[in-house]
Amino acid sequence: MKITPKRALDIGGNIGQFPLTLAAVIPKIKVDALEPNGDIFKILQQNSKDFRNVRIYNFGVGKIKKGAKMFYEPTRSGTGSLLAENAGDTDVIQEISINLTDDIPKITKHANYDLVTIDVEGYEMEVVKCLNNITTKYLFMEVSGQGRSKNFNHSELFNGIRKSLGQFDIIYLMEHSEKQPTFDMLLEFTDQRKEPRKRP
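Rules used in this analysis
Residues numbered from 1 in each chain as written. Predicted model: local features only at pLDDT ≥ 70, side-chain atom pairs only at ≥ 80, totals over all residues. Heavy atoms only, no water. Pairing = 2+ DSSP bridges. Helix = DSSP H or I, 4+ residues; strand = E, 2+ residues; numbered from the N terminus. Axes fitted to C-alpha atoms, helices over the stretch in contact; angles between N-to-C directions. Expected span 1.5 Å × (residues − 1). Buried < 20%, exposed > 50% of the residue type's maximum accessible area, 1.4 Å probe, protein only. Arc of directions from axis to C-beta. Contact = heavy atoms within 4.5 Å.

Caption draft 1: Looking closely at the sheet that holds strand 11 (residues 168–173). The strand order across the open sheet formed by 7 strands is 3-2-1-9-10-12-11, and the pairing between neighbours is mixed. Since the sheet does not close on itself, it has two edges, and those belong to strand 3 (54–57) and strand 11, each with one partner. The sheet shows a mean angle of 20° between the axes of neighbouring strands, direction not considered. Bridging between strand 10 (residues 135–144) and strand 12 (residues 182–189) involves 7 bridges; their strand directions are antiparallel.

As structure tokens, then:
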């Protein structure tokens, strides 16, 4: 990236692998991390207690609905998903009730970020739809490939990102084939809005 981010938003914080590493590497950064799974959130709370520059929220991002559920394998926190088929392939999958927000600034009290990261195991499109009231210079996302369940086409995802956050260039795109479940990408926004779009 051309800048050292001063404020970052991590959607899908899990137990803190990314937000806490970022906070340790860039001590002056402020990180907001959202993790919907209450069981995993307890671990995130413990892991982040010594990081004053990390704020955590027990929310997922998506259209608000009653009875929202997340599916996960208790011994493998990284497999949790709002799509049951992405939560693992064993018979020990559990479901847990979660809270969703479609208004991130209402939760974090911030709408402007230098970096947004998304790791939501197949739920990327629903998250992207909820980003139109924030701004960011960079977006790092783990994208679900053809090797796993997802509720979108990649063309829809890229168009959704452009509609929510603006025009972008691809800075990094991980090598990918149809057999791989995911790939990473880093986008830089070239017409970054000074202010988030207001909700209709």
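Caption draft 2: Quick look at helix 5 (residues 154–165). For helix 5, spanning 12 residues, the distance from its first C-alpha to its last is 16 Å, which sits close to the expected 16 Å at 1.5 Å a residue. L157, G160, I161, S164 and L165 are the residues of helix 5 that are buried. Seen along its axis, helix 5 keeps its buried residues to an arc of 105°; they face one direction. Turned more than 90 degrees away from the buried face of helix 5 sit S155 and K163, all of them exposed. Residues of helix 5 that are buried in the fold lie against helix 4 (124–128), strand 10, strand 11 and strand 12. Following helix 5 by one or two positions, G166 adopts a phi angle in the positive range, close to 115°.

Caption draft 3: Molecular detail of unusual backbone geometry. The backbone phi angle of N14 is positive, close to 55°, even though this residue is not glycine. Positionally, N14 belongs in the loop between strand 1 (7–11) and helix 1 (17–25). According to the relative accessible area criterion, N14 is buried, its value standing at 11%. Although it is not a glycine, E121 adopts a positive phi angle of roughly 50°.

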